[in-house]
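What the coordinates show
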Amino acid sequence: MKTNFESYLLGLYDNKSQAQSHPTEFSQICLLWEKIDDGYESKHYYRRKGPENPYRHRYHKLVEVSETEVIVENYSLDWTRQEGCDMIFTFKDNAWHGKLKNPGQCIVRENTTVISEIHLTRDGIDSRDQGYNTEGDKVFGGTLMYKFKRGRIAQR
């Protein structure tokens, strides 16, 4: 079985247009997804700091469940599995729509629970991550989606 998920995912993305239009609401962020020997590598970084200083850097593996369903497994940089943060994507209306496979189990930064939503199209990625502390207070993330446009495929 072979899906088209990888062709939607790999590449370099930025939200420059969105950040310039709404500078008080959105930082300029880049997403870089590349294929590596053992799977995939993602870096999320502030444009001004560059890819060598990402605020999120992970490894991933893809599990194709069907032609319209893919699981993105999450790993730390030492390849330790972070199963609670795995995402499940479903293909519908010419886009891949993702959410956490196990809501409430993605824990980061000392007991911060993450909620994630992602939509992959041929032209870009729309995403929203929010983090909540143990008291239920939001500690990061906004209510609006970040809208990333696909750029060129990054070269190493």
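Reading the values: rules and limits
- Residues numbered from 1 in each chain as written.
- Predicted model: local features only at pLDDT ≥ 70, side-chain atom pairs only at ≥ 80, totals over all residues.
- Heavy atoms only, no water.
- Helix = DSSP H or I, 4+ residues; strand = E, 2+ residues; numbered from the N terminus.
- Rg over C-alpha atoms; globule rule 2.2 N^0.38 Å.
- Buried < 20%, exposed > 50% of the residue type's maximum accessible area, 1.4 Å probe, protein only.
- Contact = heavy atoms within 4.5 Å.
- Disulfide = S-S within 2.5 Å.
- Core = buried A, V, L, I, M, F, W, Y, C linked by side-chain atoms within 4.5 Å.
- Phe/Tyr/Trp six-rings, centres within 6.5 Å; stacked < 30°, edge-to-face > 60°.
- Lys NZ or Arg CZ within 6 Å of the ring centre and 35° of its normal.

Digging into the overall build of the protein chain
Looking only at helices and strands, the protein chain has two helices and 12 strands in total. Moving toward the C terminus, one meets the helices and strands of the protein chain in the order α-β-α-β-β-β-β-β-β-β-β-β-β-β. Relative to its length of 156 residues, the protein chain is compact, with a C-alpha radius of gyration of 15 Å against a globular reference of 15 Å. Across its three principal directions, the C-alpha atoms of the protein chain cover 45 × 35 × 35 Å. With 156 residues in all, the protein chain has 40% of them scored as buried. Across the protein chain, the fraction of contacts at a sequence separation of at least 24, relative to all contacts at a separation of at least 6, is 34%.

Notes on the state of the cysteines
A full pass over the atoms with the stated rule returns one disulfide. One disulfide in the model links C85 with C106; its S-S distance is 2.0 Å. The disulfide joining C85 to C106 has a torsion of about 90 degrees about its S-S bond and is therefore right-handed. Taken as a pair, C85 in the loop between β5 (69–75) and β6 (87–92) and C106 in the loop between β7 (95–100) and β8 (107–108) lie far apart in primary sequence, 21 residues in all. Each member of the pair, C85 together with C106, is buried.

A few points about unusual backbone geometry
Backbone geometry at W79 places phi at a positive 65 degrees, although glycine is not the residue there. Examined against the element boundaries, W79 turns out to sit in the loop between β5 and β6. The phi angle at N94 is positive, at roughly 60 degrees, despite the residue not being glycine. Within the secondary structure, N94 is located in the loop between β6 and β7.

Regarding the nonpolar core
Counting 23 residues, the largest nonpolar core has F5, F89, W96, L120 and I125 as the members making the most contacts within it. Of all the secondary-structure elements, those providing two or more residues to this core are α1 (5–9), β2 (29–36), β5, β6, β7 and β9 (112–120).

Observations regarding the packing of aromatic side chains
Throughout the structure, instances matching the rule amount to nine aromatic pairs. Both rings, one in F26 and one in Y146, keep their centres 4.9 Å apart while their planes meet at 90 degrees; by these two values the pair is edge-to-face. Of this pair, F26 sits in the loop between α2 (16–21) and β2 while Y146 sits in strand β12 (residues 146–150), placing them 120 residues apart in sequence. You can call F26 buried: its relative accessible area is 7%. Measuring from centroid to centroid gives 5.9 Å for Y146 and F148, while their planes differ by 15 degrees, and the two rings are stacked. Joined through ring pairs, the aromatic side chains of F5, Y8, F89, F91 and W96 make up one cluster. Above the plane of the ring of Y46 lies R48, whose end atom (NZ or CZ) is 5.1 Å from the centre. The lysine or arginine in question, K61, covers the ring of Y75, its NZ or CZ lying 5.6 Å from the ring centre.

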